[in-house]
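Residues per chain, in single letters:
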Amino acid sequence: MNRFRPSGRSQAEEYEPLAASDDAALETSAILDISDEIPFSWIEYIIFGILGIAMLWAWNMFLAAAPYFSSRFAAAPSIQSTFQSGILTVSTITNLSVLLILSNIQHSASYPFRINLALVINSIVFALLTCSTTLLLDASPGAYLAFLLAMVALSSWATGLIQNGAFAFAASFGRPEYMQALMAGQGIAGVLPAVAQVTSVLLFPPRQASTDDDSASEGEAAAFFYFLAAVVISVGALVALIPLFRRHNRRVEGRMADRMAESMNSVEEAERAARKVTSLWTLFRKLRWLAIGVAVTFAVTMFFPVFTAKIRSVQEGAGGAIFRPTAFIPLGFVFWNLGDLGGRVATVLPFTLKDRPFVLFLCSVARVAFLPLYLLCNIDGRGAVVPSDLFYLFVVQLIFGLTNGWLGSSFMMASGEWIDEGEREAAGGFMGLCLVVGLTTGSLLSFTISGI
């Protein structure tokens, strides 16, 4: 990456935060001390947290409903064995394509509109999926697959809108705490479904002798509530965002009043006048270690679901219900997501490396060392090199999740320190794009260990 570094400048000079520039540089840039203009608000922090939950909740519902989808395709084994790959392919391609397009539309962008549109789309999509659990149950597997992939495509479109809009909108406040709130909300959205799945298995263990009709009806009931929960979360986020958008508009009006509001007809025009259009290449040059680092972090992370779905308890035969695969595998996801949430929350502590982008990048690469630890665990019941569930849950899962949450949030929060104020919205959307690039790359690479 040295070819991107201007000649005659050291790395330390190049990666000096803008806030530390001399007075002349500050005068020539459009930077304002936003932290003085916009004080921290716990109400706004909580609303951004709710938005973070809504960002990830939809995808978690597709994961949680996988057994139900499988039952709908039972009459077509070829579809049953490939529908998950179809969902993954449609989702990642749609999401990445939308983010690439939106990241290049900056000047005319209305990020609140993108967020609202995404939440409306998700509400409609999951309302239709909720209805599908009680209607059109006689649809052929092929017809239901077409319907499901259409819903996945629409939801992925919404995910692209909300990722671009939410990260850009949070960055516009100039408060890294709000970016951290988004990341923490995503962590909560990862924990709750996994906890609910473990709890449901322990409280209502699967019946060994249930008939096909009983299993189908139970699956339809569970899917009904999965999808209905997604509708409630999306509508709830829409309502919660109303006061936040109003406060944001009042601040824009107040900030522009003494300069150019007289010639502006709306808040959107005032925002666009203050917005600096920046190419993705320019943003990459300014944020390259942060951009590459967040992509590497989430690419490495995408290997953990493959391992987690295969690792069993070393006490499976002699232990209780918690050690059976139906409960132990979701428990592995719980520990990873708890670590992830803890890492995202920990970024509010004073210790931070946001002024050392290259060090953060090296930490993201070092996380690859966690992957061989999974090979020491009880994969597919073949035996463990380290015969301990505590080692798997607390050392491998919890710490791997912790590093993901801390690094991911650190990269996103640090991005606002290295660009001008007018570039903050574009930088937020760009970092969201890099995050999705990492997820897509990791998803594709994870197929290399699917047969382990």
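An unreviewed UniProt entry annotates the chain as Nucleoside transporter family originating from Metarhizium rileyi. In its Subcellular location (unreviewed entry) section, the UniProt entry covering the chain states "Membrane".

Enquirer: Would you mind going over the pattern of salt bridges with me for this structure?
Expert: Taken as a whole and assessed by the stated rule, the structure comprises seven salt bridges. R247 serves as the salt-bridge partner of E44, at 3.9 Å between the closest nitrogen and oxygen. You can see E44 sitting in helix α4 (residues 42–64) and its partner R247 sitting in helix α10 (residues 212–256), a full 203 residues away along the chain.

Enquirer: How should I be thinking about the packing of helix α8 (residues 141–172) against helix α9 (residues 176–203) in this particular structure?
Expert: Each pair of packed helices can be summarised by the angle the axes make with each other and by the distance between the axes. Interhelical geometry of α8 versus α9 gives an angle of 150° and a closest axis separation of 8 Å. Contacts from A166, F167, A170 and A171 in α8 reach Y178, M179, L182, M183 and Q186 in α9. Class assignment for the residues of the contact of α8 with α9 results in eight nonpolar, one polar and no charged.

Enquirer: Would you explain the nonpolar core in this entry?
Expert: Nonpolar side chains in soluble globular proteins tend to end up buried together. The biggest cluster of nonpolar side chains holds 85 residues, and the ones touching the most others in it are F48, F69 and F126. By residue number, the principal contributor to this core is α8, which donates 13 residues. The two domains that each donate at least three residues to this core are domain 1 (40–203 + 218–256) and domain 2 (276–451). In this structure, V300, V334, F370 and V396 belong to the second largest nonpolar core, which totals 24 residues.

Enquirer: Quick question: what am I supposed to make of the packing of helix α12 (residues 280–301) against helix α18 (residues 424–445) here?
Expert: Orientation of α12 relative to α18, taken along the N-to-C sense of each, is 40°, at an axis distance of 8 Å. In the packing of α12 onto α18, the handedness of the crossing is right-handed. Across from L280, L283, F284, L287, L290, A291, V294, A295, F298 and A299 in α12, the residues of α18 making contact are A426, A427, F430, M431, L433, C434, L435, G438, L439 and G442. Residues belonging to the contact of α12 with α18 are distributed by class as follows: 18 nonpolar, two polar and no charged.

Enquirer: Would you mind going over a nonpolar patch on the surface with me for this structure?
Expert: Taken together, the side chains of L390, F394, V395 and I399 make up a nonpolar region of the molecular surface, amounting to roughly 340 Å² of accessible area. Note on placement: I399 falls in helix α17 (residues 389–414).

What counts and how
Residues numbered from 1 in each chain as written. Predicted model: local features only at pLDDT ≥ 70, side-chain atom pairs only at ≥ 80, totals over all residues. Heavy atoms only, no water. UniProt positions renumbered as here; feature names shortened; annotations may be inferred. Salt bridge = Lys/Arg side-chain N within 4 Å of Asp/Glu carboxyl O. Helix = DSSP H or I, 4+ residues; strand = E, 2+ residues; numbered from the N terminus. Axes fitted to C-alpha atoms, helices over the stretch in contact; angles between N-to-C directions. Contact = heavy atoms within 4.5 Å. Nonpolar A, V, L, I, M, F, W, Y, C, P; charged D, E, K, R; others polar. Core = buried A, V, L, I, M, F, W, Y, C linked by side-chain atoms within 4.5 Å. Buried < 20%, exposed > 50% of the residue type's maximum accessible area, 1.4 Å probe, protein only. Domains from an automatic or database assignment. Left-handed = near helix turned anticlockwise from the far one by under 90°. Patch = residues over 30% accessible without salt bridge, like charges linked within 9 Å, V, L, I, M, F, W, Y side chains within 5 Å. Areas by Shrake-Rupley, 256 points an atom, 1.4 Å probe, with all protein chains shown as cover.

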